[in-house]
Amino acid sequence: MKILVVGSGAREHTICWKLKQSRKVSKLYCAPGNAGIGQIAEIVHIKADNLVEITEFSAENKIDLVVVGPEGPLVGGLVDMLKEKGIRAFGPVKKGARLEGSKSYSKDFMQKYNIPTARYEVFTDSAKALESLKDFEVPVVVKADGLAAGKGVLICETKEDAKEAIKSIIDQKQFGEAGDTVVIEEFLDGTETSLLCFVDGKSIVPMESARDYKKAYDGDMGLNTGGMGNFSPNPIYTQKLNAYIEENIIARTLNGFKEEGIDFCGVLFIGLMIKGDQAKVLEYNTRFGDPETESVLPRLESDLVDIMEKCIDGNLSSDDLKWKEEKSVTVIIASGGYPEEYKKGFEITGLDQVDEDIVVFHGGTTLKDGKVVTDGGRVLAVSALGNTLEEARERVYKNIPKIHFSNMQYRTDIAKL
Ligand code: AMP
Ligand code: GLY
C-alpha cells in the first residue's frame, strides 16, 4: 500500500514509525514532515493546510490511504475532499472534526446527550459575557470557541482577570475569528487524563490511557504548552473509572454521533478531569494527541494499518487492539523560551549517540546544509519502554544529556510519581 501521512510533528513521526512496521506498507510519504520523518518516509513539500494540493498529490500518486495528523486540515474538510475523489482517509470528516473545531458546538453536544462536563455559557457579545461572570465562582475558565493552537483557554483566578480575558478575546480579537464566540465555564478540580480512542463510525474503542504534562516547567509551573511529556498507562485509570467512562461518556458520545448523523472515523481524544471514580469531559479532540501518541503507539502490538483500515471499513473490535505490558515514558525537548518567543536554526548533535532501547521522535526539526537543526518549539520527543514506569523514565533521562542544541529546555519530573 502507498500511504501518505499529513503533518510535521513528533506525533506524525511516531505514526510514520509505527506504520512503517507494517508489512502492508510498500511506500510511505509524509507532507510536509521533518528531518526525522525524512529518514523513514519520502518527504512531500506540501504544507498540511494546503488541502487542495494534498488532495491533488494523493489522486495523482494513487495513494491507498491518507492519515491526517493535525486538527487544522480535519476541521478544514481535508477528509471530505479526499473522499470526494474516492481516496481512503483516516480521520473524521468536517462534521465530526467540528467537535474539536468549535468548543461551543462540542459543549452543546455534551449537554444534549447528557455527557458529564463543566457547567458553561456561550457568548458572542462581550457585555453579556461580562454580565454573566456574576454567575460563576473563581477560578473561572474563559475559552475562545475556535482553534487557537492550544492557547485559547484562559484559567482566570480573579473576576478582573476574567473580564480582561473576555475583552481581549471578543473585542481585541486576541485569537482572531476563533474568538468571535467565547465559552465561559466552571473550573473543574481534579486530575487530568487523556483517553485516545479509535472510532469506526459504529464503535469507540479506547486505547491505553496516558497522562500529559501541559505546563512548561517542573512542578507544573509556567505557561500551558502543547504538552511537555507523557506516560502510559495512567494508574489513575482504574477498572471502576473505566466502567463509569464507558457508560456515561463513551456510550452517550456514540449515541450523539448516531442522532446527529456524524459518521466519525479516526481518533477521538477525550480530555478528562478525574475526581474519585467519576470523570467529566474537558474537551474532545478529533485526532491523535501530541505527545500522547509518542507514548501510546510504542505500546501498541497490533498492526496500525489494519486498525486504520478497520476504522474506515466500520468493522473494528476491541480484540483488534493488542497492547504490550511494558510502560512508556516520553519527554519533550523544547526550544528555550517555548511556549513564548524562541529562536530556531540551532544544530542538534548527539542523535546518533543514544541507546538502542529508546526512540527519538522529531517534532520541530529540519535539514540545513546536511545538518539537523531546530525548527520549532517542541523539537524532539524522547520515548522509552520499560517493565515499570521508573525503568522507562530512567532510560529516557539517561539519554537526554547525550543530545545537544543551544538553549535546550525540558522538564525533569515527567513520570515522577
Ligand atoms: P481544553 O483545550 O478545553 O482541553 O483546555 C486546555 C486545558 O485547560 C485542559 O487540558 C485543562 O488543563 C484546562 N481546562 C480546560 N477547561 C477546564 C475546566 N473547566 N476546569 C479546569 N481546567 C480546565
Ligand atoms: N497533548 C494535548 C493535545 O494533543 O492536544
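The structure this text deals with has already been given above.
Residues numbered from 1 in each chain as written. Chains lettered and ligands numbered in written order. Predicted model: local features only at pLDDT ≥ 70, side-chain atom pairs only at ≥ 80, totals over all residues. Heavy atoms only, no water.

A. Spatial organisation of helix α6 (residues 103–112). Of all ten residues in α6, seven are buried; the element is thus mostly enclosed. The set of residues buried in α6 consists of K103, S104, Y105, S106, K107, F109 and M110. Positioned one or two residues after α6, N114 has a phi angle of 60 degrees, which is positive. (Buried < 20%, exposed > 50% of the residue type's maximum accessible area, 1.4 Å probe, protein only. Helix = DSSP H or I, 4+ residues; strand = E, 2+ residues; numbered from the N terminus.)

B. Structural view of the site of ligand 2. Every residue close to ligand 2 is listed here: D212, G226, F269, N285, R287, G289, D290, P291 and E292. One of the side-chain N or O atoms of R287 is found 2.9 Å from an oxygen atom in ligand 2. In the environment of ligand 2, a nitrogen atom lies 2.9 Å from a nitrogen or oxygen atom belonging to the side chain of E292. Summarising the interface, the protein chains cover 88% of the accessible area of ligand 2, which totals 200 Å² for the free molecule. Residue composition of the shell around ligand 2, grouped by class: two nonpolar, three polar and four charged. (Near = heavy atom within 4 Å. Polar contact = N/O pair within 3.5 Å; in protein donor to acceptor, adjacent residues only side chain to side chain. Areas by Shrake-Rupley, 256 points an atom, 1.4 Å probe, with all protein chains shown as cover. Nonpolar A, V, L, I, M, F, W, Y, C, P; charged D, E, K, R; others polar.)

C. Fine view of the sheet that holds strand β17 (residues 278–285). Pairing within the open sheet is antiparallel, and its four strands lie in the order β11-β10-β16-β17. Looking along the sheet, the strands with just one partner apiece sit at the ends: β11 (204–206) and β17. Ignoring which end each strand starts from, the neighbouring axes of this sheet average 35 degrees apart. Relative to β17, strand β16 (residues 265–275) runs antiparallel, the two being bridged by seven bridges. Each residue of the ladder has a partner; that of G271, found in β17, is E283. (Pairing = 2+ DSSP bridges. Axes fitted to C-alpha atoms, helices over the stretch in contact; angles between N-to-C directions.)

D. Structural view of the site of ligand 1. The immediate surroundings of ligand 1 are formed by 15 residues, with K143, E185, L188, E192 and E283 found nearest. In the environment of ligand 1, a nitrogen atom lies 2.9 Å from a nitrogen or oxygen atom belonging to the backbone of E186. The contact in question runs from a nitrogen atom of ligand 1 to an N or O atom on the backbone of L188, over 2.8 Å. In isolation ligand 1 offers 460 Å² of accessible surface; the protein chains occlude 92% of this area. Among the elements of the structure, β7 (140–144), β8 (153–156), β9 (182–186) and β17 are those that each provide at least two residues to the shell around ligand 1. Residue composition of the shell around ligand 1, by class: eight nonpolar, no polar and seven charged.

E. Region of the structure containing the pattern of salt bridges. Evaluation of the coordinates by the stated rule reveals 29 salt bridges. A salt bridge links K214 to D212, with the nearest nitrogen and oxygen atoms 3.6 Å apart. Take K214: its relative accessible area is 27%, and that puts it in the partly exposed class. Residues joined by salt bridges that share partners form a network here, namely K24, R88, D306, E309 and D313. (Salt bridge = Lys/Arg side-chain N within 4 Å of Asp/Glu carboxyl O.)

F. Seen up close, unusual backbone geometry. Of note, the bond from D290 into P291 is cis; its omega dihedral lies within 30 degrees of zero at 20 degrees. Along the chain, P291 turns up in the loop between β17 and α10 (292–296). In this chain, Y338 is followed by P339 through a cis amide linkage whose omega measures 10 degrees. Although it is not a glycine, N114 adopts a positive phi angle of roughly 60 degrees.

Remember that the coordinates give geometry; whether it matters functionally is a separate question.
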